[in-house]
Amino acid sequence: MAEAPPDATRLAAEARDRVRFEEEALALSDQVYRVARHLAGSREDAEELVQETYARAFRSWRSYTPGTNLRAWLLRILTNLNIDRGRRSQRAPQMQPLEANDYYLYDKLAESDGRPTDEDRIVERLSQDDIVSALSAVPHDFRDVIVLVDIGDFTYQDAAQILDIPIGTVMSRLHRGRRILKRELAESVAEET
Amino acid sequence: MSIHDDPCAHCEEMMQPYLDHMLSEDERVAAEAHLDECDWCRRRYRFEESLRVYVRQIVSEPMPVELKAKLAALRLPLE
């Protein structure tokens, strides 16, 4: 039997690599969506963003280096697309008032309860609506980092690469972003009581 | 500033890096020594830890099933 011509062998190997890439990428789609849901403004935007991301990823699969972090590679495409969609027109971070200290939310919740409570249960005073709306009120630059690190479970290093910012900036935005989130949560508690 | 100047204020500064496992060994030991003896800070650290877990659980939405099918349909046909 004659050997397959070199071109055919190469094409077959490439097709195999591509199918493997697509399957690995699709297996990560739940995790990609979970992050996208809170990077984008709405569920509909998140769905569109994830579809655009996968369409682009499938087209440019050759630029992915096998063995590197595919989830971070997909999120890099997704955050770039999200920025291209013009979401930067929203309020700038410097417009934010200074947020309270790190213990502020605990103090607020414990005080509104009026009696000593188990710390693990105090968080349950925050409703799903409180949390979802507080997170969406955090300005994008800070929210991106919180969503990647605290919800997407990316390392500081991955978040820095995905957003193309220095690791020191990831850390400072994370710290400040968490404070802004807690201030928003404290405000929602104050409104309810 | 040393932790001895105002232990609770310094402990608060160390909370985020502590929970992110970003403190140096010396800082971590100092933070834990303070937490061992300070109920006030310990409560606030525990709260912060539960808050992170809680926020993560609350905001995690499963992907719509139709979206999964749409993504699979975006795969390029084999030549």
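Because the structure is a prediction, the values reported are computed rather than measured.

Trainee: So what exactly am I meant to see when it comes to the overall build of chain B here?
Mentor: Helix and strand counts for chain B stand at four helices and zero strands. Along chain B, from the amino end to the carboxyl end, the secondary structure elements read α-α-α-α. For chain B, the C-alpha radius of gyration of 22 Å lies well beyond 12 Å, the compact-globule estimate for 79 residues. Along the first, second and third principal axes, the C-alpha set of chain B runs to 70 × 30 × 15 Å. Counting every position in chain B, which comprises 79 residues, the buried fraction comes to 16%.

Trainee: Could you clarify how one ought to interpret the overall build of chain A in this entry?
Mentor: Counting secondary structure elements, chain A contains 10 helices and zero strands. Considering chain A as a whole, with its 193 residues, one finds that 34% of them fall into the buried category. Here the contacts in chain A between residues at least 6 apart in sequence split such that 72% fall between residues at least 24 apart.

Trainee: Where do I start with the confidence of the model for chain B in this structure?
Mentor: Do not read the predicted coordinates in detail wherever pLDDT is low. Looking at chain B as a whole, the pLDDT averages 88, with 92% of positions reaching at least 70. If you check the scores for this complex, the pTM reads 0.84 and the ipTM reads 0.81.

Trainee: When you look at the interface of chain B and chain A in this model, what are you seeing that I'm missing?
Mentor: When the parts of a complex come together, some accessible area is lost, and that lost area is often taken as the interface size. Chain B puts 28 residues into the contact, and the matching count from chain A is 31 residues. Elements represented by at least two residues in the side of chain B that touches chain A include exactly helix H1 (7-19), helix H3 (39-59) and helix H4 (65-73) of chain B. No other element matches the 12 residues that H3 of chain B contributes to the side of chain B that touches chain A.

Trainee: Would you mind going over the packing of helix H3 (residues 43-59) of chain A against helix H4 (residues 70-84) of chain A with me for this structure?
Mentor: Axis angle and axis distance: for two packed helices, these are the angle between their axes and the distance between the axes, and together they describe the pair. Residues and elements named next belong to chain A. In the contact formed by H3 and H4, the axes pass within 9 Å of each other and the chain directions differ by 120°. The angle between the axes of H3 and H4 places the two elements in the oblique class. Here H3 runs over H4; the crossing is right-handed. Across the interface between the two elements, Leu49, Glu52, Thr53, Arg56 and Ala57 from H3 touch Leu74, Ile77, Leu78, Leu81 and Asn82 from H4. When the residues that make up the contact of H3 with H4 are grouped by side-chain class, the tally is six nonpolar, two polar and two charged.

Trainee: Before we go on, may I ask you to explain the domain arrangement of chain A in this structure?
Mentor: Residues and elements named next belong to chain A. Partitioning chain A into domains gives domain 1 (6-89) and domain 2 (93-192). Between domain 1 and domain 2, the contact holds 10 residues from the first and 12 residues from the second. Those elements that place two or more of their residues in the side of domain 1 that touches domain 2 are helix H2 (29-39) and H4. Class assignment of the residues belonging to the side of domain 1 that touches domain 2 gives a composition of four nonpolar, three polar and three charged.

Trainee: Could you clarify how one ought to interpret the packing of H3 of chain A against H4 of chain B in this entry?
Mentor: Remark: H3 of chain A packs on H4 of chain B, axes separated minimally by 9 Å, with the N-to-C direction vectors making an angle of 20°. Taken together, the axes of H3 of chain A and H4 of chain B are roughly parallel relative to one another. The interaxial crossing formed by H3 of chain A with H4 of chain B has right-handed handedness. In contact with Glu47, Val50, Gln51 and Tyr54 of chain A of H3 of chain A, H4 of chain B contributes Leu67, Lys70 and Leu71 of chain B.

Trainee: Can you help me understand the environment of leucine 71 of chain B in this one?
Mentor: Positionally, leucine 71 of chain B belongs in helix H4. Assessed through the 24 C-beta atoms surrounding it within 10 Å, leucine 71 of chain B is described here as buried.

Trainee: It is not clear to me how the confidence of the model for chain A should be interpreted in this structure. Could you clarify?
Mentor: Per-residue pLDDT for chain A averages 87, and the proportion of residues at 70 or more is 88%. By mean pLDDT, helix H6 (residues 119-122) of chain A is the weakest element of chain A at 76, and H3 of chain A is the strongest at 96.

Trainee: Would you explain helix H8 (residues 140-151) of chain A in this entry?
Mentor: Since the α-helix packs 3.6 residues into each turn, any two residues three or four apart lie on the same face. For H8 of chain A, the buried fraction is high: 10 of the 12 residues fall into the buried class. Turning to H8 of chain A, its buried residues number three or more, namely Phe142, Arg143, Asp144, Val145, Ile146, Val147, Leu148, Val149, Asp150 and Ile151 of chain A. Packing partners of the buried residues in H8 of chain A comprise H2, H4, helix H7 (128-137), helix H9 (156-163) and helix H10 (167-192) of chain A together with H3 of chain B. Downstream of H8 of chain A by a residue or two, aspartate 153 of chain A has a phi angle that is positive, lying close to 65°.

Parameters at a glance
Residues numbered from 1 in each chain as written. Chains lettered and ligands numbered in written order. Predicted model: local features only at pLDDT ≥ 70, side-chain atom pairs only at ≥ 80, totals over all residues. Helix = DSSP H or I, 4+ residues; strand = E, 2+ residues; numbered from the N terminus. Rg over C-alpha atoms; globule rule 2.2 N^0.38 Å. Buried ≥ 20, exposed ≤ 12 C-beta atoms within 10 Å, placed from the backbone. Contact = placed C-beta atoms within 7 Å. pLDDT = per-residue confidence, 0-100. Axes fitted to C-alpha atoms, helices over the stretch in contact; angles between N-to-C directions. Parallel < 35°, antiparallel > 145°, perpendicular 65-115°, else oblique. Left-handed = near helix turned anticlockwise from the far one by under 90°. Nonpolar A, V, L, I, M, F, W, Y, C, P; charged D, E, K, R; others polar. Domains from an automatic or database assignment.

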